[in-house]
Amino acid sequence: MKKRILLVVLILLVVAGAAIYLMRDDHMAQYNSVARHILAAESSNKFSNEITTACGTPDCKVVIAATESENKNEKTSKKEEIYNMFQADAHGNLVLNETTRLNIEKLYALNTPEELAEKMKKLSTVLPDTALRQVANLVDYFGKYIRDVKETYPSDVELETVEDALAQLKGMHDLRLMHFGTDVNNAFFADEEKLSLQLLYLMFIEKDKNLSLDEKAQRAQQLLQSSPELAATYDPDRK
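### Quick look at the overall build of the chain
Phase 1 of the analysis: The number of helices and strands found in the chain is 8 helices and 0 strands.
Phase 2 of the analysis: Reading the chain from its N end, one meets helices and strands in the order α-α-α-α-α-α-α-α.
Phase 3 of the analysis: Per-residue burial for the chain yields a buried fraction of 39% across its 239 residues.
Phase 4 of the analysis: Split by element, the accessible area of the chain, about 14600 Å² in all, is 55% carbon and sulfur.

### A few points about the environment of Tyr145
Phase 1 of the analysis: For Tyr145, the position within the fold is in helix α4 (residues 129-152).
Phase 2 of the analysis: By relative accessible area, which is 3% here, Tyr145 ends up buried.
Phase 3 of the analysis: For the pair formed by Tyr145 and Leu177, sequence separation is 32 residues and the distance between their alpha carbons is 9.9 Å.
Phase 4 of the analysis: Setting aside its immediate chain neighbours within four residues, Tyr145 contacts Met172, Leu175, Arg176, His179, Phe180 and Phe189.

### Here we look at the nonpolar core
The nonpolar side chains of soluble globular proteins are, as a tendency, buried together.
Phase 1 of the analysis: Within the largest apolar cluster, 30 residues are counted, with the highest numbers of intra-cluster contacts made by Phe86, Leu107, Leu123, Val135, Leu138, Tyr145 and Phe180.
Phase 2 of the analysis: Counting residues per element, the ones that place at least two in this core are α2 (98-109), α3 (113-123), α4, α5 (162-180) and α6 (182-204).
Phase 3 of the analysis: If we ignore the near neighbours within four places in the chain, the residues touching Leu107 are Ile82, Met85, Phe86, Leu116, Lys119, Leu123, Val135 and Val139.
Phase 4 of the analysis: Listed in part, the 19 residues of the second largest apolar core include Met28, Leu39, Leu199 and Leu202.

What counts, and where the lines are drawn
- Residues numbered from 1 in each chain as written.
- Predicted model: local features only at pLDDT ≥ 70, side-chain atom pairs only at ≥ 80, totals over all residues.
- Heavy atoms only, no water.
- Helix = DSSP H or I, 4+ residues; strand = E, 2+ residues; numbered from the N terminus.
- Buried < 20%, exposed > 50% of the residue type's maximum accessible area, 1.4 Å probe, protein only.
- Areas by Shrake-Rupley, 256 points an atom, 1.4 Å probe, with all protein chains shown as cover.
- Contact = heavy atoms within 4.5 Å.
- Core = buried A, V, L, I, M, F, W, Y, C linked by side-chain atoms within 4.5 Å.

So, to be careful, I would describe these as geometric facts and stop short of saying anything about function.
As structure tokens, then:
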């Protein structure tokens, strides 16, 4: 009888182990699917000279991704921040990068409509007309994007699992594509999305199942910050 009970226990342990392994494989398949979905948008277009952007007007038909060398503008010698927030390229288009996105956020979040109108007047003294219209368009799109995010992902609803966080990352990526288009999204959010994928990967493979979601995120962030080699290993965009 004891041998039979022991055999049953062993079988149950094997079955449980197999189930956990299959669940892990399923989780990683979910992660890989989302990672491919997000990275596909970036790899599909490398900022060619014929870009249709989210701006939706003839003035915004061409935008060029910023490089460090493009991130300078000799016109902005004034000290007030607004005069130095944005740069235009040689064609008069707004230079797009993560800094541009952060400054678009500032204009939207920190100003009343009246204050924003005053800031736009000041920008008109340092930006070409095309770049100025692009700033105005992007502030409008950013506002609509934020309203959709708040409606879709209310701040009072907490994420409970890594799977929930992964699903939200994919959902926010799709909202960004809808509001900004592929190229603007890449310039604004690509680095942030890659970092999020790195963190989620490490959270998925975390062995301590007793950690909360926040604790998993903190541990993953510490690992990436303390180990550049680890960050490179789990780069979702690696070849």
